[in-house]
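These are the residues of each chain, in order.
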Amino acid sequence: MSQPIEFGDVLPKTLFDEIGKELFKKGWRLSNKSAKGTRRFWTQHQSDNKIFNKAGDIVKEKIKEVTNKNIKLVKIHCNGQTTGQDGAAHIDFSQDNVWTFVLFTNQFWDVRLGGGFNVLNPDLKKHQYFHYASNWGVLIPSNWAHWGDPPNSHTDELRTSVAFSYATSEQYATIRKIAIEKETPK
């Protein structure tokens, strides 16, 4: 994979709406960091939620079409940012054959409010930017540096996204163990 792949209308509307409702049913915690020494932003736990896992299954089928790999869902990560909560460039997993799909989950979003997704593409040696749009998403290898921009100063809305990470069946146990270690508070 030499380019990020952008997908539109990722989920059926009813499921996308359910994801949005679930994100605002449950409390957000100000405990997420994209890298050590960076500012915190919002997160919540949804890994056990059947609605998020159903969305993960749909995303998995889309990824299998472009990678031709037998993959399994490793991690679901909910992210929220408000103005001033800049993300830092980070990788999710350093291994090959692991992918991250970032789903933009706000029901309505004006592109002029910022909140886009950034990727440092090592194959092309360039920065790539993707505007935030409802029910759109971007697929990248998990070992590519990436970050989310916060909303700009023209809004006080929370900009949300869900990152689904997948590994090949052969690597699943190893990558899942790493994911659990990252999730465990130190």
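On a predicted model such as this, the values are computed, not experimentally measured, just so you know.

**Q** I tried to follow the pairing of strand E5 (residues 98-104) on my own but got confused; where do I start?
**A** The buried fraction of E5 amounts to seven of the seven residues, a majority that puts the element mostly inside the structure. Here E5 runs beside strand E10 (residues 159-168); their pairing, made up of seven bridges, is antiparallel. Following the sheet pairing, leucine 103 is matched in E10 by valine 162.

**Q** Looking at this structure, I do not really get the nonpolar core. What am I missing?
**A** For soluble globular proteins, the rule of thumb is that nonpolar side chains tend to be buried together. Of all hydrophobic cores here, the largest spans 25 residues; its most connected members are Leu11, Phe101 and Phe164. Going through the elements one at a time, helix H1 (13-25), helix H2 (50-67), strand E4 (71-81), E5 and E10 are the ones with two or more residues in this core. With residues up to four places along the chain from it excluded, the contact list for phenylalanine 101 reads Phe7, Val10, Val59, Ile63, Gly137, Val138, Leu139, Val162, Ala163 and Phe164. Residues Phe104, Leu113, Tyr132 and Ile140 belong to the second largest nonpolar core, which totals twelve residues.

**Q** Just to check I follow, could you spell out the sheet that holds E4 for this structure?
**A** As a general point, the strands of a sheet are linked pairwise by backbone hydrogen bonds and lie either parallel or antiparallel. Overall, antiparallel pairing links the seven strands, which are arranged E1-E8-E5-E10-E4-E3-E2 in an open sheet. The sheet is open, and its two edges are formed by strand E1 (5-7) and strand E2 (29-32), each paired on a single side. Pairs of neighbouring strands in the sheet enclose a mean axial angle of 35°, with direction left out of account. Bridging between E4 and E10 involves ten bridges; their strand directions are antiparallel. Following the sheet pairing, isoleucine 76 is matched in E10 by phenylalanine 164. Sitting on the sheet, H1 touches strand E3 (41-44), E4, E5 and E10, and the angle it makes with E10 is about 110°. Along the sheet, H2 contacts E1, E4, E5, strand E8 (137-141) and E10; its crossing angle with E10, the most-contacted strand, is approximately 55°.

**Q** I keep staring at H2 and nothing clicks. Help me out?
**A** Relative to the 26 Å expected for 18 residues at 1.5 Å per residue, H2 spans 25 Å between its end C-alpha atoms, a close match to the ideal helical length. Regarding H2, the residues found buried are Ile51, Phe52, Ala55, Gly56, Val59, Lys60, Ile63 and Thr67. Where H2 is buried, its residues touch H1, E4, E5, E8 and E10. N-capping of H2 is provided by asparagine 49, with a side-chain oxygen placed 2.8 Å from the backbone N of isoleucine 51. Just beyond H2, the residue with positive phi is asparagine 68, at close to 55°.

Definitions and cut-offs
Residues numbered from 1 in each chain as written. Predicted model: local features only at pLDDT ≥ 70, side-chain atom pairs only at ≥ 80, totals over all residues. Heavy atoms only, no water. Buried < 20%, exposed > 50% of the residue type's maximum accessible area, 1.4 Å probe, protein only. Helix = DSSP H or I, 4+ residues; strand = E, 2+ residues; numbered from the N terminus. Pairing = 2+ DSSP bridges. Core = buried A, V, L, I, M, F, W, Y, C linked by side-chain atoms within 4.5 Å. Contact = heavy atoms within 4.5 Å. Axes fitted to C-alpha atoms, helices over the stretch in contact; angles between N-to-C directions. Expected span 1.5 Å × (residues − 1). Polar contact = N/O pair within 3.5 Å; in protein donor to acceptor, adjacent residues only side chain to side chain.

Purely spatial values, then, with no claim about function.
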